[in-house]
Amino acid sequence: MGDVGVEDFSHSGTGTPTGTKRQENALWFNDGIWWGNLWDTASSNFHIFRFNAATSSWVNTGVATETRANTHHDVLWDGTTLFVASHRFVNDGLPAQPNFPTTMRRYSYDSGTKKYTLKDTTNINNQATETLSIDKDSTGRMWATWQQGNRIYMNVTATDGKTWGTPFAHPAALANVSVDDNSAVIAFGPGKIGVMWSRQVGDATDGMYWSYHVDGASNTTWTTPLAAVKGLRSGDDHMNLKWLDSTSGQVYAAVKTSNTSASLPLIQLLVLNGTAWSAHTIATVSECPNRVIVMIDESAQKLRTFATYPKPSGTTNAGVCTSSGGAVYEKSTSLTSINFTTTKTARIVDADQYVHNVTSTRQNLNSSASGTANSGLLILADVNATSRYWHYYDSTGGGGGTADTTAPETTITSGPPATSTSTSASFAFTSSEANSTFQCSLDGAARAACTSPRTYTALSTGSHTFSVWATDAAGNTDATAATQTWSVGTGGGTTPQTVTLTATADSYVSNGALTTNFGTSTALNVDSSPVQATYLKFDLSPYAGRTLASATLQLRSAANGSTGKQNVKVVATDTWSETGITYNNRPAMGATAIGSLGPTATNTSYSIPLTVTALNGELGGQLSLGMDSSSSDGLVLSSREAGSTLAPKLVLSLN
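All of these numbers come straight from a predicted model, not from anything done at the bench.

(A) Main features of the overall build of the protein chain. When you go through the protein chain residue by residue, the secondary structure sums to zero helices and 47 strands. Dimensions of the protein chain along its principal axes, counting C-alpha atoms only, are 95 × 50 × 45 Å. Across the 655 residues of the protein chain, 57% fall into the buried class. Excluding contacts between residues fewer than 6 apart, the proportion of contacts in the protein chain whose partners are at least 24 apart in sequence is 62%. Entry remark: accessible area of the protein chain is about 23900 Å², with carbon and sulfur atoms responsible for 48%.

(B) Here's a closer look at the layout of surface pockets. Volume-wise, the largest pocket comes out at about 1400 Å³. Around the largest pocket, the lining is made up of 43 residues, and of these Ser436, Arg640, Glu641, Gly643 and Ser644 lie nearest the centre. Among the secondary structure elements, those contributing two or more residues to the lining of the largest pocket are strand S4 (45-52), strand S5 (57-66), strand S29 (410-414), strand S31 (425-431), strand S32 (437-442) and strand S37 (497-502). In terms of residue class, the lining of the largest pocket is built from ten nonpolar, 25 polar and eight charged. Taken as a whole, the second largest pocket holds about 780 Å³ of empty space. Looking at the second largest pocket, it is lined by 32 residues, and the ones nearest its centre are Gly62, Val63, Ala64, Tyr508 and Ser521. The dominant element in the lining of the second largest pocket, judged by the number of residues it contributes, is S5, at six residues. For the lining of the second largest pocket, the per-class residue count stands at twelve nonpolar, 16 polar and four charged.

(C) Summary view of the pattern of salt bridges. The tally for this structure, following the rule as stated, stands at 15 salt bridges. With its nearest N and O atoms 2.7 Å apart, the salt bridge here joins Arg640 to Glu578. Taken together, the residues span a long stretch of sequence, with Arg640 in the loop between strand S46 (635-638) and strand S47 (649-654) and Glu578 in the loop between strand S42 (566-571) and strand S43 (595-597) at a distance of 62 residues. A relative accessible area of 12% places Glu578 in the buried class. Where salt bridges share partners, they join Arg304, Glu330, Arg347 and Asp394 into one cluster.

(D) Fine view of the side chain of Glu578. At a separation of 2.9 Å, a polar atom in the side chain of Glu578 contacts the main-chain amide nitrogen of Asp506. Sequence-distant contacts of Glu578, that is, excluding residues within four places in its chain, are made with Ala505, Asp506, Ser507, Asn517, Gly519, Arg640 and Glu641.

(E) Quick peek at the pairing of strand S2 (residues 27-30). Burial along S2 is two-sided: the residues Leu27 and Phe29 and Trp28 and Asn30 are all buried. Bridging between S2 and strand S3 (residues 33-40) involves four bridges; their strand directions are antiparallel. Considered in S3, the bridge of Asn30 is made with Ile33. Linking S2 to S3, which pair antiparallel, is a turn of two residues; within it Asp31 sits at a positive phi near 60 degrees.

(F) Broad picture of the packing of aromatic side chains. Under the defined criterion, the tally for this structure stands at 24 aromatic pairs. On the basis of an interplanar angle of 70 degrees and a centroid distance of 5.4 Å, the ring pair of Trp210 and Trp277 is categorised as edge-to-face. With a gap of 67 residues between them, Trp210 in strand S16 (residues 207-214) and Trp277 in strand S21 (residues 276-284) connect regions that are remote in the sequence. Note on Phe429 and Phe438: the rings are 5.1 Å apart at their centroids and 65 degrees apart in plane angle, and the pair reads as edge-to-face.

(G) Summary view of the sheet that holds S16. Taken together, the four strands give an open sheet; going across it, the order is S14-S15-S16-S17, and neighbouring strands pair in antiparallel fashion. Two strands in the sheet have a free side with no partner beyond their single neighbour: strand S14 (183-188) and strand S17 (226-230). Each adjacent strand pair in this sheet contributes to an overall mean axis angle of 20 degrees, direction not counted. Here eight bridges tie strand S15 (residues 192-199) to S16, and the two strands are oriented antiparallel to one another.

(H) Spotlight on the nonpolar core. Grouped together as the largest cluster of nonpolar side chains are 31 residues, with contacts concentrated most on Phe538, Leu540, Leu553, Leu610, Leu615, Leu625 and Leu652. Looking at this core, the element that brings in the most residues is strand S41 (residues 548-556), giving four residues. If we ignore the near neighbours within four places in the chain, the residues touching Leu625 are Thr534, Tyr535, Leu536, Phe538, Leu553, Val568, Lys569, Val570, Val571, Ile594, Leu610 and Leu615.

Calculation rules
- Each chain carries its own residue numbering, running from 1 in the written order of its sequence.
- It should be noted that, the model being predicted, local features are given only for residues of pLDDT at least 70 and side-chain atom pairs only at 80 or more, the latter also being counted only at that level, while totals for whole chains, interfaces and linings use all residues.
- Side-chain figures throughout are based on the complete set of non-hydrogen atoms in the structure, without hydrogens or water.
- By definition, any uninterrupted DSSP run of H or I lasting at least four residues is a helix, any uninterrupted run of E lasting at least two residues is a strand, and each is numbered from the N terminus.
- For the exposure calls, accessible area comes from a 1.4 Å probe over protein chains only, and a residue counts as buried if that area is under 20% of its type's maximum, exposed if over 50%, partly exposed in between.
- Residues are treated as being in contact if the distance between any of their heavy atoms lies within 4.5 Å.
- Residue exposure ignores everything except the shown protein chains as possible cover, and the areas themselves are Shrake-Rupley values with a 1.4 Å probe.
- Points on a 1 Å grid over protein atoms alone make up a cavity when a 1.4 Å probe fits among them but cannot get out, and a pocket when they form an open set with protein on both sides within 12 Å along at least five of seven lines; lining residues each have an atom within 4 Å of a point.
- Grid points are joined across faces, edges and corners, and a volume is the space filled by probe spheres set on the points.
- Amino acids outside the nonpolar list (Ala, Val, Leu, Ile, Met, Phe, Trp, Tyr, Cys, Pro) and the charged list (Asp, Glu, Lys, Arg) are all regarded as polar, and Gly is one of them.
- For this document, the term salt bridge refers to a Lys or Arg side-chain nitrogen within 4 Å of an Asp or Glu carboxyl oxygen.
- Identification of polar contacts relies on pairs of N or O atoms within 3.5 Å, with a donor-acceptor requirement for protein atoms, meaning one able to donate a hydrogen and the other able to accept it, and with residues adjacent in sequence counted only if both atoms are side-chain atoms.
- In short, DSSP must find at least two bridges between two strands for them to pair.
- Planes of paired rings set the category: under 30 degrees apart is stacked, over 60 is edge-to-face and the rest tilted, where pairs are Phe, Tyr or Trp rings (Trp by its six-membered ring) whose centres lie within 6.5 Å.
- Axes, fitted as lines to C-alpha atoms, cover a helix only where it is in contact. Angles between the N-to-C directions of the axes lie from 0 to 180 degrees.
- Residues belong to a common nonpolar core when they are buried Ala, Val, Leu, Ile, Met, Phe, Trp, Tyr or Cys residues joined through side-chain atoms within 4.5 Å.

Okay, here's the thing in structure tokens:
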């Protein structure tokens, strides 16, 4: 089954977790990495998180997707752009409420830095709704659907994928539904966009309905609704749609019914082949399932469904049937011969609490066409009682795909000269693969986990050898260490040396968020309105007793440049921490600038000469620098979280 792991995700918090309702998607696979749109307790925002498969843990990228806590999201990655639709939600069975904008944010992705950058934000509608889903058609237009005023509503952009029109109701009479109904949208082929919705009005027309629009036709031109299933209690407002994009027109819908008899289906798989739908029971009422999703593993040719069922024996509330949750189980079947039995496998279990609201990606798994080759499978759920996310990761995705077995290459980017009289040495290093971890060794000692830069002190005279190994996110370790050998001598003065140091800590503060810490952000902001100041820290402890010949601060602009000027100043206090500094507890900067920057352009590297006399006294300890500005044309710089190539650096020439 590959690398399987179930682990409590401690980054979630008091906000409402994403993916907690029906068809909404929280995860996506891109650039060989799983990503998630998750709540971050530190900032009280939703952020983009990166999944580290090697450690079965999540890494906060610091890129915000929504500042409102009471929101649900639907995420789409189209291979180039990330779309995040975010709406204030109303509880089950309540009508939509006006004056709550639903937003869509678009993000670009840089594979070199493994970073997402916000492109723009637009409004889809002005309603708080129970659910909302999005998808993109073959012409580049984004579609959205939701229920409002007991009608199935939609909206669509221009072909730019961002300029939304006026929301409109589906024209069919059967799109007149109850307050408890919802809808979902999906692009399928060739060249169509489909909408499925539930209809629960208490008569023979109840069911799950399907209608589609041909790309390029008038926005309000839709096919006559077709009942995928029909009859009293045959529909409910849970649905999750997938398209088998290696075929023409084949759509799968995992849905819930409103049946109450023990032997009748409670969750079903509906399959569209051409123009006809067929229904397959996933689980009956007696099995007590809820909140079902379906995943297509194209390589293994399997359909994998995940839903909440009663908790297994040996756990608190084992076997209890409740809509509050249970444990997430899997039921799977062949794509070519659909047949679900009562056999299921527990995938996400919390022994003491109820797990619920499983979510994943709209992409098909282990599919080159979908950009998910060798993706495996990742699902996410939440535990409401503890406000925690839990996940389950299967690196094979049920037999499909080939695991990553290629080891990274490790490179030492800076170190001491071949001959030195210094009894301290510092090494910077990097890996050919993003998200790698490292192990270091000095003079053949046992390997130990380390980060760049790695500094050694109190070295003896004579020859020394430093070694470092990188391990990638899939757990592959470089078989050949990167090494550097040098000699520590005595007397004869000090050998001239040039060193490049990467910031050991960086963050910015803002008077618009007095108690917020931005230490995990990939950006460093400098502005005068609102007041935003950047703080940097460098380790100069190996260079006690040396004298500076020159010092240069290297920075990289990011999302925007500035026509103004930014000032670099010495910060006398070094006790601040990257994850603790805020505007309210920020240390004071010196009154005199020791360097300046500006004007600047976007995505450009800059070198700032610094006043040497102001820094000589910092050798042998920690150096804290601050940047502020009197200009309201703010500058955004890359932080060390943006990657080693973009991180702030200090180049010192030492005698």
